[in-house]
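Summary of structural features
Each chain is listed here by its residues.
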Amino acid sequence: MKNANRWYRKFTVDMSREEVERVVSGTADPKVYSHTPIAGPYSPPDSDGLVGKTLSFRGEERDFGFRFTGLNEVLFTEKETEEKSCFCNVKTLDNEIYFVNFLVPGFASSRQITLIADMLTGYATVCDAHIGTEYSGIDVDREFFFGRLKGEYAGGEPHSFTEELVGKAITWSYGGKIDSIKHIYNSNIFYTYEYHTPNGAWMAANPADYVKIRDGVYLFSFVEERQGGVQAIFLIYLDRMHDVGCFYGLSGGGDHLVSACLGAKGEMAPSIAIF
């Protein structure tokens, strides 16, 4: 007997660089790209906690500046270049660690900067991402840079890649278009997820990165390789079982750009999948 519960999966999604640039140019309005139907009641509002502040990040030969002039505006610089005005989302769950996300204008295939700034310790992480890799036109490529903010802070441990989430699993509930999805952190460079869909049971493994921000606070990110190529990046608070994050890439089968923040509540789950 054939099991009809599995969703047939054929990984053939891709686009040329020219197609990606055409879609990016046509959906480069924040009113379009900064919203997602996945977002629900667990998504925190934008925070004004950084308005009026200037953060200077240095680390791994990178020098970034962030001057927050409004609730949704940051003036971004790198290596003392001219400031670029960017629409941004600033999220926080504790008013100490901030999740800052924005697209930098002027890049044909788009460029997203995500800053995790710990205003208590002064340590920070920057994820610098863009659409397109050496293997795929649609997949998101990115780099993580670990550094410190200029100024006087309490100190602590620098951010770094970690294996502390490996072996755990969390079922995340968004309360939006997607009710819940299980993330299984079964490798230090991959993860697996399971999802019940109208088309049947879905399960996939994707490349993933894990960064320790503080004890119990982690940055988790993955790229939907061989699928839609979208990147997700989440700041996870294990003690609160709550996260805040962003999806970035070409969504809707590649017909529009998305760089949209959201949040979820979680419950620890078995690191196995049973449909």
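Everything that follows concerns the structure shown earlier in this document.
Structure report, in brief. (Residues numbered from 1 in each chain as written. Predicted model: local features only at pLDDT ≥ 70, side-chain atom pairs only at ≥ 80, totals over all residues. Heavy atoms only, no water.)

Quick look at helix 1 (residues 17-26)
- For helix 1, every residue scored as buried is listed here: Val20, Val23 and Val24. The arc that holds the buried residues of helix 1, viewed along the axis, is 100°, so those residues lie on one side. Turned more than 90 degrees away from the buried face of helix 1, the exposed residues are Glu18, Arg22, Ser25 and Gly26.
- Of the surrounding secondary structure, the elements contacted by the buried residues of helix 1 are strand 7 (123-131), strand 16 (242-251) and strand 17 (256-268). (Buried < 20%, exposed > 50% of the residue type's maximum accessible area, 1.4 Å probe, protein only. Helix = DSSP H or I, 4+ residues; strand = E, 2+ residues; numbered from the N terminus. Arc of directions from axis to C-beta. Contact = heavy atoms within 4.5 Å.)

Brief notes about the side chain of Gln227
- Within the element layout of this structure, Gln227 appears in the loop between strand 14 (217-223) and strand 15 (231-237).
- Within the structure, Gln227 has its side chain in polar contact with the side chain of Asn206 (distance 3.3 Å). (Polar contact = N/O pair within 3.5 Å; in protein donor to acceptor, adjacent residues only side chain to side chain.)

So, the pairing of strand 13 (residues 200-214)
- In this sheet, strand 13 lies alongside strand 9 (residues 160-161) in antiparallel orientation, the contact comprising two bridges. If you follow Phe161 over to strand 13, its bridge partner there is Val211.
- Where strand 12 (residues 190-197) meets strand 13, eight bridges bridge the pair, whose relative direction is antiparallel. Paired with Phe190 across the two strands is Pro207, which belongs to strand 13.
- Hairpin geometry of strand 12 and strand 13 is characterised by an intervening segment of two residues between the two adjacent antiparallel strands. (Pairing = 2+ DSSP bridges.)

Structural notes on the sheet that holds strand 5 (residues 97-103)
- Taken together, eight strands build a closed barrel; the order of strands is 1-2-3-4-5-6-7-8 and the barrel is antiparallel. When strand polarity is set aside, the average angle formed by the axes of neighbouring strands in this sheet is 30°.
- Bridge count for strand 2 (residues 62-70) against strand 3 (residues 73-78) is six bridges, and the pairing is antiparallel. Within strand 3, the residue paired with Gly65 across the bridge is Thr77. (Axes fitted to C-alpha atoms, helices over the stretch in contact; angles between N-to-C directions.)

Let's talk about unusual backbone geometry
- A positive phi is found at Asn95, a non-glycine position, where the angle reads about 60°.
- Residue position: Asn95 is located in the loop between strand 4 (84-92) and strand 5.
- Classification of Asn95 by relative accessible area gives exposed; the value is 56%.
- The phi dihedral of Met241 falls on the positive side, at around 50°, and the residue is not glycine.

Quick word on a negative patch on the surface
- Taken together, the side chains of Glu60, Glu61, Glu134, Asp141 and Glu143 define an acidic patch exposed on the protein surface.
- As for its position among the elements, Glu60 is in the loop between strand 1 (54-59) and strand 2. (Patch = residues over 30% accessible without salt bridge, like charges linked within 9 Å, V, L, I, M, F, W, Y side chains within 5 Å. Areas by Shrake-Rupley, 256 points an atom, 1.4 Å probe, with all protein chains shown as cover. Salt bridge = Lys/Arg side-chain N within 4 Å of Asp/Glu carboxyl O. Lys, Arg positive; Asp, Glu negative; His and termini not counted. Charge placed at Lys NZ, Arg CZ, Asp CG, Glu CD.)

Describing the state of the cysteines
- Applying the stated criterion across every chain yields a total of zero disulfides.
- Its sulfur unpaired, Cys127 is 9.7 Å from the next cysteine sulfur, which belongs to Cys246.
- Using a relative accessible area of 1% as the deciding quantity, one classes Cys127 as buried. (Disulfide = S-S within 2.5 Å.)

Here we look at the pattern of salt bridges
- Taken as a whole, this structure holds eleven salt bridges when the rule is applied.
- Linking Asp209 and Arg142 is a salt bridge whose minimum nitrogen-to-oxygen distance equals 2.8 Å. Of this pair, Asp209 sits in strand 13 while Arg142 is found in strand 8 (residues 140-149), placing the two residues 67 residues apart along the sequence.
- What emerges from the salt-bridge pattern is a single network uniting Glu78, Arg111 and Asp128.

Considering the nonpolar core
- In this structure, Tyr174, Tyr185, Phe220, Phe222, Phe234 and Phe247 are the most contacted members of the largest nonpolar core, which totals 27 residues.
- Contributions of two or more residues to this core are made by strand 10 (168-173), strand 11 (180-185), strand 12, strand 13, strand 14, strand 15 and strand 17.
- At four residues, the largest contribution of residues to this core is made by strand 13. (Core = buried A, V, L, I, M, F, W, Y, C linked by side-chain atoms within 4.5 Å.)

Side note on the environment of Gly65
- Structurally, Gly65 can be placed in strand 2.
- It is 21 Å that separates the C-alpha atoms of Gly65 and Pro30, two residues lying 35 residues apart in sequence.
- Setting aside anything within four residues of it in sequence, one finds Gly65 in contact with Leu55, Leu75, Phe76 and Thr77.

Things to note about the pairing of strand 5
- Counted residue by residue, strand 5 has seven buried out of seven residues, so it is predominantly covered.
- Burial along strand 5 is two-sided: the residues Ile97, Phe99, Asn101 and Leu103 and Tyr98, Val100 and Phe102 are all buried.
- Here strand 4 folds back onto strand 5 in antiparallel fashion, the turn holding four residues, of which Asn95 has a positive phi close to 60°.
- Bridging between strand 5 and strand 6 (residues 111-118) involves seven bridges; their strand directions are antiparallel. From the neighbouring strand, Ile97 faces strand 6, where its bridge partner is Asp118.

Keep in mind these numbers describe shape, not what the thing actually does.
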